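One letter stands for each residue in the lines below.
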Amino acid sequence: MELLDGNKNQDTRTQFKNSDFVQVDISDFFDEKKLSDDAIKTGIVVFTDYQQKLIAQLHESLKLHAPDLIVRLEKRLAHVTGLAESIAHFPSLLERSNTMNSTRTPDSLVESLISYQEDGDTLLHLPSKSILGKGFLVAKIHTFYSMSKLARNYAGMSEKEAREYYDETISLMFTLMAEDVYMNLIKDKSIPIDLRREIANSLIILWEHRSDQTISDIAPVLQSVWSARRNLAPAFGTMMGTSELLTVTFQMDDQWAAFIREKLSEPEISQAMEEFLFGISYEQILRLKRILRDQGVKSIGRDEVGTYLGKRVKTDINLDYRDFYLLYTVRRDNAKARQRLDLDGPKSTLEDFFIRFIMEKNHEKQNNDSFAR
C-alpha cells in the first residue's frame, strides 16, 4: 500500500524539511483530556455528551409513551457500540505502529496523504481503520434518523424536541461528507502546504474519532443553506440565479455572508453556486440557458427541466439528508471529472470552497494570534 509506506515518502519529507515550513505535530490539534471514556477505550467517539443526552431523553419518553420500543432502541445502540469496539482492535492512527512492511507514524501518514496525487478511488491505499470507521458513521447516521422517527411518531415529544434528532442526523451526514472534502483539499496544490498539512491532520483525527469540531461548527450553516435552497422560487427564469442567491444569502450567518462577499466573484465559485442552487450540472445549466434563450422562454418550473434537457434530472427539493448527500456526490464526481479531463467548469463543489474558506480564515487567525504572542 504505497500511501502508507513511510519509506516511499522519504524524498517528500526531506523536501519539506529543507523548506521554510516548520512541521506541526499532530498532537497540537487535539486534547486527549477532553476525550470521553468511550473515545479513550475505542478511539472512536461512540456518542458525544450531547448525543447521550438525546438518547436519555428519548429513552425516558418511550418509557411513558411506547415502552415496547425501548428494547429495539437499546439493541440498535448496542450494535453501534459493538462496531466501535471492533474497530478499536485496529492500530490507532495517532500513534506509531508497525504495519506488515513498514513503520507508520502520524507524521508519515500526513506526508503520504499530501504526496499521493493519483486519480481514482484511493480505497485500497487508505488505513483499514478509516474505511471501517466510515461504516460505523453510516450506521450511526441511520440510527439517529430512526431515533428521529421514534421521537416524532411514538415518544410524545414536541416538534421542537423531535427536530433535535433529525438535526443531529444532518450534522453526522456533514461529518461523512467532510472526509471527501478534506481529501479533495489535501490534493489541491493551490492551497499552501502548511494549510494542507493542517487539513491532513484534521482528516486523521476524523478517522480516529469519527468526530470533527470544524464540521460540527459549520454544519448548521450548511444545513441552513440547504433549507434556504428548498424555499427558492420554483421558476428557473434566466438561470442566472441572482434572486435565488440573494434569498440564500439573506438567511445565512456572518461566515456565509463573508464567503459570498469575498469569493462569489471568482468564476469557479459562482459556477459551483449555480450547480448547488439549480441541482443540475454546469454543462446542463449552459445547455438549458441556450435552449431558453433560443426559444424565447423566460421561465420554466423545476418539473420542466428534464423535458427541455431531454433526460430525467433530479431537481426536486426536500430536506432529506440522503438526497443532500446524493446530490453532493454527483457534483463532487462531476468536479473531479472536469479536473481530470481539464474541462471548463467548477473543479470543486460549493462545500469544498466554503470549508476551504473557513479553514483559511481559522489558519490566518491562528497565525495572527501566534504572532501577537
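Analysis parameters
Residues numbered from 1 in each chain as written. Predicted model: local features only at pLDDT ≥ 70, side-chain atom pairs only at ≥ 80, totals over all residues. Heavy atoms only, no water. Helix = DSSP H or I, 4+ residues; strand = E, 2+ residues; numbered from the N terminus. Buried < 20%, exposed > 50% of the residue type's maximum accessible area, 1.4 Å probe, protein only. Salt bridge = Lys/Arg side-chain N within 4 Å of Asp/Glu carboxyl O. Patch = residues over 30% accessible without salt bridge, like charges linked within 9 Å, V, L, I, M, F, W, Y side chains within 5 Å. Areas by Shrake-Rupley, 256 points an atom, 1.4 Å probe, with all protein chains shown as cover. Lys, Arg positive; Asp, Glu negative; His and termini not counted. Charge placed at Lys NZ, Arg CZ, Asp CG, Glu CD. Expected span 1.5 Å × (residues − 1). Contact = heavy atoms within 4.5 Å. Core = buried A, V, L, I, M, F, W, Y, C linked by side-chain atoms within 4.5 Å. Axes fitted to C-alpha atoms, helices over the stretch in contact; angles between N-to-C directions. Parallel < 35°, antiparallel > 145°, perpendicular 65-115°, else oblique. Left-handed = near helix turned anticlockwise from the far one by under 90°. Nonpolar A, V, L, I, M, F, W, Y, C, P; charged D, E, K, R; others polar. pLDDT = per-residue confidence, 0-100.

1. Some points on the overall build of the protein chain
Each helix and strand in the protein chain was counted, giving 16 helices and two strands. Taking all 373 residues of the protein chain together, 50% fall into the buried category.

2. Observations regarding the environment of R229
Looking at the secondary structure, you find R229 in helix 9 (residues 213-230). It is 8.8 Å that separates the C-alpha atoms of R229 and F278, two residues lying 49 residues apart in sequence.

3. Some thoughts on the pattern of salt bridges
Taken as a whole and judged by the stated rule, the model has 17 salt bridges. With a shortest N-O distance of 2.8 Å, E351 and R331 are connected by a salt bridge. Remark: R331 occurs in helix 15 (residues 321-341) and E351 occurs in helix 16 (residues 350-372); sequence separation between them is 20 residues. With a closest N to O distance of 3.0 Å, D333 and R332 form a salt bridge. Residues joined in a network through salt bridges with shared partners are D180, R332 and D333.

4. Things to note about the environment of I170
For I170, the location among the structural elements is in helix 7 (residues 159-187). Residues I170 and P220, spaced 50 residues apart in sequence, show a C-alpha to C-alpha distance of 8.8 Å.

5. Some details on a positive patch on the surface
Side chains of R287, R290, R293 and K311 sit close together on the surface and give a patch of like positive charge. Residue R293 is classed as exposed on the basis of its relative accessible area of 57%.

6. Structural notes on helix 13 (residues 282-295)
In this model, helix 13 (14 residues) spans 20 Å end to end at C-alpha, consistent with the 20 Å of a helix rising 1.5 Å per residue. Inspection of helix 13 places Y282, Q284, I285, L288, K289, I291 and L292 among the buried residues, and these make up the whole buried set. Among the structural elements, helix 12 (267-278), helix 14 (305-309) and helix 15 are those in contact with the buried residues of helix 13.

7. Here's the deal with helix 3 (residues 49-65)
A turn of α-helix holds 3.6 residues, and therefore any two residues three or four places apart point the same way. When the terminal C-alpha atoms of helix 3 are compared, their 24 Å separation across 17 residues agrees well with the 24 Å that a helix rising 1.5 Å per residue should span. Those residues of helix 3 that are buried lie in contact with helix 4 (70-87), helix 6 (128-153) and helix 7.

8. Focus on the nonpolar core
L58, L113, W207 and W256 are the most contacted members of the largest nonpolar core, which has 95 residues in total. Ranked by residues supplied to this core, first place goes to helix 7 with 15 residues.

9. Quick word on a nonpolar patch on the surface
On the surface, L123, L124 and I131 cluster together to form a nonpolar patch covering roughly 290 Å² of accessible area. Among the structural elements, L123 can be located in the loop between helix 5 (106-115) and helix 6. When its relative accessible area of 43% is taken as the criterion, L123 is described as partly exposed.

10. Points about unusual backbone geometry
Leaving glycine aside, a negative phi is the common case for residues, and trans is the common case for peptide bonds. A positive phi angle, close to 55 degrees, is found at R210, a residue other than glycine. Mapped onto the fold, R210 is located in the loop between helix 8 (193-209) and helix 9. What makes R210 buried here is its relative accessible area of 2%. The phi dihedral of D342 falls on the positive side, at around 55 degrees, and the residue is not glycine. Tracing the sequence through the fold places D342 in the loop between helix 15 and helix 16. D342 sits in the exposed class, given a relative accessible area of 67%.

11. Considering the environment of L195
Residue placement: L195 occurs in helix 8. A relative accessible area of 3% places L195 in the buried class. Taking the C-alpha atoms as reference, L195 lies 9.7 Å from E364; in sequence the two are 169 residues apart. With residues up to four places along the chain from it excluded, the contact list for L195 reads M359, E360 and H363.

12. Remarks on the packing of helix 6 against helix 7
When two helices pack together, you describe them by how their axes are tilted relative to each other and by the distance separating the axes. Packing of helix 6 against helix 7 leaves a shortest axis separation of 8 Å and a crossing angle of 165 degrees. In terms of orientation, helix 6 and helix 7 fall into the roughly antiparallel class. Like other packed secondary-structure pairs, helix 6 and helix 7 cross with a definite hand, here left-handed. Its residues assigned to classes, the contact of helix 6 with helix 7 shows 13 nonpolar, four polar and eight charged.

13. A few points about the confidence of the model for the protein chain
Mean pLDDT over the protein chain works out to 83, with 80% of the residues at or above the 70 mark. For residues 1-41, every residue scores under 50 in pLDDT, and the model assigns this stretch 63 contacts once sequence neighbours within four places are set aside.

14. Considerations on the packing of helix 3 against helix 4
Direction vectors running N to C along helix 3 and helix 4 enclose 160 degrees, while the axes themselves pass 10 Å from each other. Considered as vectors, helix 3 and helix 4 are oriented roughly antiparallel to each other. Of helix 4, the residues touching helix 3 (which contributes I55, L58, H59, L62 and K63) are I70, L73, E74 and L77. Looking at the contact of helix 3 with helix 4 residue by residue, the classes come out as six nonpolar, one polar and two charged.

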